[in-house]
Each structure stands twice: as structure tokens, then as C-alpha cells.
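One-letter residues, chain by chain:
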Amino acid sequence: MKNIRIALFALLGFGIWSCNNDPEVPSNLDGNPFLQSSDQALLAPRVDLTEAGTIYPLKQSLAPSSRIQSVDFKLELYSEILPPSIGEQSLRASNVRLSGNLLAISYNVEGSTYLGGVDIVDISNPTTPRLISQVLFEEGSISDAFIEDGSLYLAGALDMDAVGGLSSPAIFGKIDLNQASEATDGYTQVDLPSFVGTYGEKGFDKYVATSGNGGGGLTILSEDFSREGFLDLPNARSIAIGDTTAAVLQGEPGRIAVLDPDFAILNQFNITGADNPQAKGQLDYFNTFLAVAGGAEGVLIYNPISSELVTQLTLNPIEGVAPSDIVANGLVAEGNSLFMANGAAGLFVADLIGNELNILGTFDVNASANGVAVSEDLVVIANGTAGTKILKLTKSKPVQEGEIFSVDFETTTRDQLAVLGWVFQSFTQSGNELRGGRYGGPDRSNLLNPEASQKNQIKIPANQLISVDELRISVRRDQPYEVYVWLQKKDGSLIQLERTRLADNNSVQNLTFDLQDTESLDYVIVGGAPAGNGYGRIFISKLAMDGKF
């Protein structure tokens, strides 16, 4: 099971790492601010299997597209983890994070009361999970926790009146785990500016933690947990780590800061949403773009480099759900799906079917959905005082013959397709066409070598498809050119199909390729190579595919 990254909580102007008078090494309190237990006599009763097998169907939107109407998604309950209590107060599960076969559940309570905790759960068998350890804070509140490199990391706040040695309530802490993944007394913490630590993550060989209002921002730590720098990003609610960039979400007003691997700011821009002081704010990388929970605005998908709002997914009305509850607060991306934990409105899901990314509806799990983690078909939902649900997701998509997509570049942009997983190599948008790179005869052998060529290609994702039969292309060229089509299977192997030389004119020509009803495809690849020794380009104005999805 792979590691899952999710994000919780995030004035234009470029920020820089700042030095201050805070200690450059982690602080060690006189005593640990928590109580930990791995006593199975105490913990085992909190694993609840009484409702196992319960099915939660998808409540579909009242305004779905024609294709989405026949989609059947459902969640089946594997097991539940009941929340711990401190005294007479039951804690609230606020977030969940997955790391391999380990689950970290964060707890706090409503309002400004300092009570919180973290559970560590072994979910190698999700039908019978084992609660390994609980960590309780009688004078603290935990916003987020995750497991990495044999330690439990947590972001939150401690009561300064009860816990000494703090410069501010917000903290980012590390609890050492033993070989059985049980919490130990080994503890180190770093003070964060502001009133509460909101989220923590590891990325680009650093640990980073966000903190909220009152001087908050992004604190950068080395792998040995010593402080290296700080970015002044007020009301930082979350951070997401991508392949080559990171992004911090800020609130009130909504803003995003895009960072390079050294955590220097590349770009900052304002966004809609993230304006509720009581709401979480989440973002995650979706393909190479950023999907952001935008409150009542739904899901906003941005190009992190250009700041362009590429797509906005509207949360349509759901029968039986109050309109005021339909807001996007929590969000995690997994494959071609987006999951949104929206409190009383349940768990919304958006999915790519054919060439459409739409919000399908919501799962009503009979409890508030406060946080979500997903790995393949495993879904974990933090349900407040109801605890945590561990579920299996099944998808039954329609088997429908006919046109899967038809793209006209007069009305569709390259970025809109890139959000859906399309890959463009040397193709740029030029008016109502996609313009290929300018290549000549010396490039021909490389362009026609499927093992070597990474140029002049459009890779169309086919992983939502059952089979495809036919590809239609409207294309022109400015010099003698050939168009080729390859099929890339899920195992990485390539099937080379035919090449077609364009007619010797510059008019738009319509080509049809037989895709041989090939199954188990990953990509359909369209490319071009010069037919002679001169240099030229190809221009594509339309793409359409027939088959089953």
C-alpha cells in the first residue's frame, strides 16, 4: 500500500526564509505533555466490528451529466475505531493519514478547550484492524498527525498556562516509535509561531509545518528536526508536496504560495474560497495541477505556475442535504478521483469518466466527515465524535459504446486536458489548434523510435476505458509530414500502429485510425515526424475517439 499525501488547513508579495531569536534546535520540555499507552486490554475494545458490512450508496447530484447517471459507486464498512475519552470528554476525530499499513488518527474537541490525542492503528488487515497505541494530551489539541521514518509527527497547540517553556501555543512534535510501531516516551518538539500548528509534512528531505493566525507561516526543519528557516505566510492551513514543487494554502482571504524544492517562493496568487475562519482548507496535487477545496465555490483546479483557474467543479444540490452544508472543506486526490470531506454533507467524490471530470455526489456515512485518506480501494474517514470508519470503495462504471470524447481546440484548452491527465510533449496551444514542434529530416529516426522519442506527442490517458475502436484526427501541416499512432499498455509495452502521410497541401485533413479494439491500455499516443528532409510542423484542431468506457 503506497504512502498517501493529504493536506489540511492553509497579501501577495514574495516571502523569504527569515532568521529570528527562536532556538535553532528543538526544545525538550521537563516532562512529556502527553500520556501514551499500548495496553491491548485498554485499546482493543475501541475497535468496533458491529456494523461491518454496512453499505453506503452514493447519493447522486440532482444535476449529473448523462454519462454519470449510470455510475454505481458504493462504500462498504470494514471496521470502526471509536474515539478515546479524557475524563468525561469524548474526543473528536478530526483527521486521518495513511503511511503504508499504519493509520494515524488526530483528535481534538470543539472550541478553544485544550484536549486532544493521536491513535496509531495497524490496518494491514482492514477488516480486523489493531489499535497499537494511543497518545492523549490533557493540556493540548492535535490538528494533524502522520507517521514517517519510524516516528509519529504531530501539529497542534499546548496550553501555555499549564505547560511551561513555550514561546507560543503552536507546536510541531515528534514521538519515537519502537519496532512494533508503538509510541514511546522519546519526544522532541519545536515551537511554532501563532496559536495553533495546523499541518505537517515531509518533502524534499525536509520536515515542514504550517501554523495559523497570529504570526503563523511555514517552519522548515532539517531531517534531524532542527530549525532551518521560516516563511511568513499568515494563516497557513496546509501544505501539499508535489514532484517538483510544493504549495501552501492560506485562509482569510484564500491564497496559494507555490514553492520550489528549496522552499523558496516561486509564485503567489489569490483564490476564491478559504474565507471561513472555522473551516478547514485542503489542497492536493491532481496530475500536475492543484486541486483546492474552495468552500461554497466547490473544487478549484489551478495551474500552480501560471495561477490560472483551469477548472471549477460545482457542488450541485443533493436530495436531503441542506444547501448550507454543501461546501468543500477537506480534499484528497487519488488517481483520477477527488474525495472531499464536507462535514455534515458527507464525503463527496469526483471522478474522471471518459473525458469528463465531474462531482458525482456524496456518501452519507451517518456521521460528520471531517477528514479523509484514500489508498486505491481503501477509504478512511474521520467522523468526529463518531470515531473513524475504515471502508472499501467499489466503482461500477457504465459500459457504454459510442463516442468517448470529442475535443475541439477552438473551445478546449491544453491545460483543461492536462488536468485530466493528458500529456503534451512539444505541443503548444496556438489559437484553435495545437502546434507541434518544428522538426526536420535529421530528427525523423528519433521521432519514430518509441523507446527514444519524447517529442511531438500527445498522450491520451485511456485508463478509464474498457476498449477503444477508432481514433479520428483533424490535422494539417506546413511541410511534408507523417502522423503516427502508438498504443501504450498498462505494463509499459508499446504497440506500433500505422503511419499516414499527409496530403501535399496545407488544408485540414481528417484521418481515421483503427485501434483494433485493444484492451488494457494506459495511453493512446498521437505524434508526427517529417516525411522529408525539410523542417516543418503539424497542427491538430480536433481529436475524437470511439469505443467503450
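Here's a quick rundown of the structure.

What counts and what doesn't
- Residues numbered from 1 in each chain as written.
- Predicted model: local features only at pLDDT ≥ 70, side-chain atom pairs only at ≥ 80, totals over all residues.
- Heavy atoms only, no water.
- Core = buried A, V, L, I, M, F, W, Y, C linked by side-chain atoms within 4.5 Å.
- Buried < 20%, exposed > 50% of the residue type's maximum accessible area, 1.4 Å probe, protein only.
- Phe/Tyr/Trp six-rings, centres within 6.5 Å; stacked < 30°, edge-to-face > 60°.
- Helix = DSSP H or I, 4+ residues; strand = E, 2+ residues; numbered from the N terminus.
- Pairing = 2+ DSSP bridges.

This brings us to the nonpolar core. One finds Leu75, Leu338 and Trp422 to be the most contacted residues of the largest nonpolar core, which totals 87 residues. Ile81, Ile86, Leu91 and Ala382 belong to the second-largest nonpolar core, a separate cluster that totals 23 residues.

Let's shift gears to the packing of aromatic side chains. Counting across every chain of the model gives 13 aromatic pairs. Aromatic pair Tyr207 and Phe225: ring centres 6.2 Å apart, planes at 70°, arrangement edge-to-face. Of this pair, Tyr207 sits in strand E16 (residues 206-211) while Phe225 sits in the loop between strand E17 (218-221) and strand E18 (227-231); the two residues are 18 residues apart in sequence, bridging distant segments of the chain. Taken individually, Tyr207 and Phe225 each receive the classification buried, so the pair is uniform in this respect.

A large share of strand E19 (residues 236-241) lies buried, amounting to six of its six residues. Note that E19 and strand E20 (residues 246-250) share five bridges and pair antiparallel. Its bridge partner lying in E20, Ala236 is registered against Gln250.

We now examine unusual backbone geometry. Here the residue pair Glu252 and Pro253 is connected by a cis peptide bond, since its omega of 0° sits within 30 degrees of zero. Note that Pro253 resides in the loop between E20 and strand E21 (255-259). With phi around 50°, Glu252 is a residue other than glycine that occupies positive phi space. With respect to the secondary-structure elements, Glu252 resides in the loop between E20 and E21. Here Glu252 falls in the partly exposed class, since its relative accessible area comes to 34%. Positive phi is not limited to glycine here, since Asn456 has a value of about 55°.

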